[in-house]
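# Survey of secondary and tertiary structure
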Amino acid sequence: MSLESVSRRDVLRVAAVAGTGLVLGCRLASPDSHARNLSHGEAQDGPVFEPNAWLKVLPNDDVVIVVARPDIGQGTRTSMAMIVAEELGVDWRKVKVEQAVADRKYGPMGVGGSASVRGSYAPLRRAGAAAREMLVAAAAAKWGVEASACRAENGVVLSGDNKLAFAALAADAAKLPVPANPTLKDPAAFTIIGKRTSRVDNRDVVTGRAVFGLDVRAVKAFRAAILRPRCFTGRISEFDDTEARKVEGVRDVFQLGTGVVVIGDTTHAAFEGRKRLKTTENPGPAGKVTSASIREAMRAAIQPWPEAPEGKVVEATFELPFLAHAPMEPQNCTVWIHDGVCEIWAPTQVPDSLLGQAARAAEVAPDKVTIHVPLIGGGFGRRLVSDFAMEAIEIAKRVGDPVQLVWSRDDDTRHDYYRPASHHALRAVLDASGKPIHWRHQYIQAGGRTNAGPYRAESLDYGFGSVEARGGSVATPVPTGAWRSVGHSHTGFVYEAFVDELATAAGQDPVAFRLAHIEDPRLRKALELCAEKANWGSKLPNGRGRGVACFADYGSYCVHIVEATMTKGGVKVNRVVSTVDCGIAINPGGVEQQILGGTVDGLSCALRAEITIENGGVVESSYRDFEWFRMKDAPRHEIHRIESRESPGGMGEVGVPGAPAALANAIFAATGTRYRNLPIRLA
Amino acid sequence: MEHFELKVNGQNVRVEASGEMPLLWVLRDKLNLCGTKYGCGVGVCGSCVVLVGEFAARACMVPLKQVAGKSVLTIEGLSKTGDHPLQRAWMELDVPQCGYCQAGQIMAAAALLRRKPNPTDADIDAAMSDVICRCGTYDRIRSAIKLAAQGAPGSEEEVPA
Ligand code: FES
Ligand code: FES
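Residues numbered from 1 in each chain as written. Chains lettered and ligands numbered in written order. Predicted model: local features only at pLDDT ≥ 70, side-chain atom pairs only at ≥ 80, totals over all residues. Heavy atoms only, no water.

### Digging into the overall build of chain A
- Within chain A, the regular secondary structure consists of 17 helices and 26 strands.
- For 683 residues, the compact-globule formula gives about 26 Å, and the C-alpha radius of gyration of chain A, at 27 Å, lands near that figure.
- Overall size of chain A, expressed as C-alpha extent along the three principal axes, is 80 × 70 × 45 Å.
- Per-residue burial over chain A gives 63% buried out of 683 residues.
- Sequence-distant contacts in chain A: of pairs separated by 6 or more residues, those separated by 24 or more amount to 76%.
- Total accessible area on chain A is roughly 25,000 Å²; 51% of this is exposed by carbon and sulfur atoms.
- The positive charge centre, built from 81 side chains, and the negative charge centre, built from 78, are 3 Å apart in chain A. (Helix = DSSP H or I, 4+ residues; strand = E, 2+ residues; numbered from the N terminus. Rg over C-alpha atoms; globule rule 2.2 N^0.38 Å. Buried < 20%, exposed > 50% of the residue type's maximum accessible area, 1.4 Å probe, protein only. Contact = heavy atoms within 4.5 Å. Areas by Shrake-Rupley, 256 points an atom, 1.4 Å probe, with all protein chains shown as cover. Lys, Arg positive; Asp, Glu negative; His and termini not counted. Charge placed at Lys NZ, Arg CZ, Asp CG, Glu CD.)

### Describing the overall build of chain B
- Helix and strand counts for chain B come out as 5 helices and 5 strands.
- Ordered by position in the sequence, the α and β elements of chain B form the string β-β-α-β-β-β-α-α-α-α.
- Relative to a compact globule of 161 residues, whose C-alpha radius of gyration would be 15 Å, chain B shows 15 Å and is just as compact.
- Taken along the three principal axes of its C-alpha coordinates, chain B extends 45 × 30 × 25 Å.
- Taken across its 161 residues, chain B has 65% of its residues classed as buried.
- For chain B, restricting intrachain contacts to residue pairs at least 6 apart in sequence, the fraction spanning at least 24 positions comes to 59%.

### Points about unusual backbone geometry
All names here are of chain A.
- The linkage connecting leucine 678 with the following residue, proline 679, adopts the cis geometry, with an omega of -10°.
- Relative to the helices and strands, proline 679 is located in the segment after helix H17 (658-671).
- Phi angles above zero are rare outside glycine, and asparagine 535 is one such case at about 50°.
- By secondary structure assignment, the location of asparagine 535 is in the loop between helix H15 (521-533) and strand S21 (544-553).

### Some points on the pattern of salt bridges
Residues and elements named next belong to chain A.
- Evaluation of the coordinates by the stated rule reveals 60 salt bridges over all chains.
- Between lysine 246 and glutamate 243 there is a salt bridge, with the nearest N and O atoms lying 3.0 Å from each other. On the criterion of helical spacing, the pair formed by lysine 246 and glutamate 243 is a turn pair, its members being 3 residues apart in helix H7 (residues 242-246).
- Its relative accessible area of 59% is what places lysine 246 among the exposed residues.
- Through salt bridges with shared partners, a single ionic network connects Arg544, Arg546, Glu563, Arg575 and Glu638. (Salt bridge = Lys/Arg side-chain N within 4 Å of Asp/Glu carboxyl O.)

### Re helix H8 (residues 267-275) of chain A
- Burial within H8 of chain A is extensive, with 8 of its 9 residues counted as buried.
- Every buried residue of H8 of chain A is listed here: Thr267, His268, Ala269, Ala270, Phe271, Glu272, Gly273 and Arg274 of chain A.

### A few points about the domain arrangement of chain B
All names here are of chain B.
- In terms of domain boundaries, chain B breaks down into domain 1 (2-77) and domain 2 (85-149).
- Between the C-alpha centres of domain 1 and domain 2 there is a distance of 21 Å.
- Contact with domain 1, which involves 17 residues of that partner, is made by 13 residues of domain 2.
- In total, domain 1 and domain 2 occlude about 1,300 Å² of area from one another, counting both sides; carbon and sulfur atoms represent 61% of this.
- Applying the counting criterion to the domain 1 and domain 2 interface returns 2 salt bridges.
- For glutamate 54, the salt bridge goes to arginine 114, with nearest N and O atoms at 3.0 Å.
- Scanning the region where domain 1 abuts domain 2 turns up 4 residue pairs in polar contact (both at pLDDT 80 or more).
- Secondary structure elements with two or more residues in the side of domain 1 that touches domain 2: strand S3 (49-52) and strand S4 (55-58).
- Ranked by the residues each element gives to the side of domain 1 that touches domain 2, the list is headed by S3, at 3 residues.
- A per-class count over the side of domain 1 that touches domain 2 returns 9 nonpolar, 5 polar and 3 charged. (Domains from an automatic or database assignment. Buried area = accessible area lost by both parts, 1.4 Å probe. Polar contact = N/O pair within 3.5 Å; in protein donor to acceptor, adjacent residues only side chain to side chain. Nonpolar A, V, L, I, M, F, W, Y, C, P; charged D, E, K, R; others polar.)

### Points about the sheet that holds strand S6 (residues 156-159) of chain A
Residues and elements named next belong to chain A.
- Spatial ordering of the open sheet is given by S5-S6-S7, a layout of 3 strands whose pairing is antiparallel. Both outer strands of the open sheet, strand S5 (151-153) and strand S7 (162-165), are each paired with one neighbouring strand and no more. Averaged over all neighbouring strand pairs, the angle between strand axes comes to 25°, with direction disregarded.
- Alignment of S6 against S7, held across 4 bridges, turns out to be antiparallel. Residue pairing across strands places leucine 158 opposite lysine 163, the latter belonging to S7.
- Against the sheet, helix H5 (residues 166-174) engages S5, S6 and S7, with an angle of about 80° to S7. (Pairing = 2+ DSSP bridges. Axes fitted to C-alpha atoms, helices over the stretch in contact; angles between N-to-C directions.)

### Comments concerning the sheet that holds strand S26 (residues 636-641) of chain A
All names here are of chain A.
- Here we have 4 strands laid out as an open sheet, ordered S21-S22-S23-S26, and mixed in their pairing. Single-partner strands in this sheet number two, and they are S21 and S26. When the angles between neighbouring strand axes are averaged without regard to direction, this sheet yields 15°.
- In terms of strand pairing, strand S22 (residues 556-567) meets strand S23 (residues 570-581) through 11 bridges, oriented antiparallel. Residue pairing for S23: glutamate 563 is matched across the bridge by arginine 575.
- Across the sheet, H17 is in contact with S21, S22 and S23; its angle to S21 comes to roughly 155°.

### Description of the domain arrangement of chain A
Residue and element names in this part refer to chain A.
- One can read the domain layout of chain A as domain 1 (11-195), domain 2 (214-283 + 331-406) and domain 3 (422-671).
- Between domain 1 and domain 2, the contact holds 17 residues from the first and 18 residues from the second.
- It is Ile72, Ala102 and Arg104 that lose the most area in domain 1 upon contact with domain 2, and together they represent 38% of the buried surface on that side.
- Counting every contact that joins domain 1 to domain 2 gives 0 salt bridges.

### Observations concerning the packing of aromatic side chains
Residue and element names in this part refer to chain A.
- What the rule picks out here adds up to 14 aromatic pairs over all chains.
- Ring centres 6.4 Å apart and planes at 90° place the aromatic pair phenylalanine 318 and phenylalanine 498 in the edge-to-face group. Of this pair, phenylalanine 318 sits in strand S13 (residues 312-320) while phenylalanine 498 sits in helix H13 (residues 488-505), placing them 180 residues apart in sequence.
- Accessibility expressed as a relative area gives 0% for phenylalanine 498, which makes it buried.
- With 5.1 Å between their ring centres and 15° between their planes, tyrosine 462 and phenylalanine 464 make a pair best called stacked. Each member of the pair, tyrosine 462 as well as phenylalanine 464, carries the same accessibility label: buried. (Phe/Tyr/Trp six-rings, centres within 6.5 Å; stacked < 30°, edge-to-face > 60°.)

Here you go:
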């Protein structure tokens, strides 16, 4: 049984009964949540709404803020806690962040679609504000003054000469009802939100104490490795484990759903045992599929263009490859099933949906599943799929003891849910003044298993007259999934590269051309500021070009201007200037980190990354062949944030889509050649 | 079973394991020193960088038998309290995103500063390009190395190897 979940419930009960600390569930009105709450002991007495996050004021005046959304590097553990802390009125240095064990009481726990801050901003503010009002009410009652005569800041409630720390008020406050509609702070009075704040885990990270999924040592666990078929439709028809079993530390070998499992005392033993398996694979129906055959099928799916109006016609086609997510920490999961309970340590982006899946797979009741979420070494969308956890559960069921399933880098590269490959045909017509009056876009994605291909293709940020887009897909055996910025990882590049071509066709400067057709004032401002900061139009050294790209979605705006030089070794990205408007920035430093990292992603896709299919499986096996930017590739990057009082936008993905377009446009400026297929291979 | 003696973060340790076991798994699975990360196991990502003697080494590529009798320094031993100049600079400039690669980054930077107390951009490119950061924190790493170089000499607060 999970000690942690037991103790949390106990803390709550003790708090409610004895008043040793204020424990507050932030509940969201949700009509169907009552029934679900009933299955959780601590929620039974609660009103009909669902807790979303937790905060605890401890007797020593520390405040524990529970963060429900996993941190995959986007900084939720810091930004989510800042939101609660702001409304609570606590001293940030006294805040301890605790990662939630998966529970439906938190509401949506998933991290994807740049939705964490946008989805949690209001409920987390209410959670903090409700607690603050209760503490203030307790103080007001104690002093016999009006609540309006009191204020909470830095962890104390003040009124005239009266002053009490939160902890001293906790027992009284815990007896008060939770206000349903607490008054939120005026954003102008924010002291934590909007302040550059270091990641709460920095000290643990730089000292090596941070616990990621692979570092889970809470239970002594065997290690497991799986030999999977190479081909996506493959099946291991026979295996010989004689040599594998001779490896020192190998405990068992058996076949399960996705392959042949080797159990070892150490990761090394499991990996070595796996190396010595002799297997026969039946590749199945997709054994002959290649990247080239998929590309041909996509090209063949493009329809002839219908009639277009009179004017200057511009046409182009673009091709993008499959991509792996390649998070730095390979997939892994630690599971212990015993005595009717299932305890899981999963680096997942979706702890709440894993809960039900895990209960079914482990064949235990949902309230007997405990999912701990460790720190996570990158996600990028990969960990929206819980295949690795399902495997680990299956293995743990068989083994009976705790098991840590470890995917090798090779496994991670070859058994991903890939960003689909895509093919795009575009056609535009310009009138005599150079204004686009007609824009048509056909896109075909490879792999239709998820809605991961180009989307919102018609959501162009320009007033271009008649705009239409339509898409389709060709079936492939390649499993596909959401990849950071999802559809925009295709269209962000294609649109901004093609708009650049239209500017050239119109004989206009790329920035001036964009400004002539962008209507959204926030995007215009981001573009104007970026052009100014990058000295757009100033002379560059020989061989160097400058390119621009704009992007807007998730409630945020980002403009990139990239400078690049052609060298003997290929393209060198010299400098990137970005502007970003994300409304209220919870943590400005975190916003900049996301632009920095998103840009490296976009540039890596432009110049390096590609997943190739041969014989129905993936060719690449590690960062050796699935290449990513390294220090020598990484440009100097200036990021300028636009102050705004608009509500906070999502930041996890907004930095990605424009970067490859800005680079391709810079290469055009330097060479006069348009590169329309990614990754760019210089002629 | 074979056994080997080595020094890890200044302490003598005795490890019972095959001499072929990579130092990475000795640290992680035998000694429960999990600061050194597994990223690829084939020497291409740098997540596992440690110091063997004075030099940066990829722990996934170094068999245990090769470090017998040698001194290994991992992120856990870089300083007693997390106050090595590199660690301070990393926190000051808020370098980590997911954080997974950062132990390898810091150890590679520690080796660099021992050789070149005032590294240029070119030195940093050369020394640090073996360590991938999938989150793309490079520009901040570059600044943090320079900050650490200005701030204090690289080896003063390290636990003696
Ligand atoms: S784990 Fe050693 S270099 Fe990647
Ligand atoms: S911080 Fe995530 S890989 Fe470097």
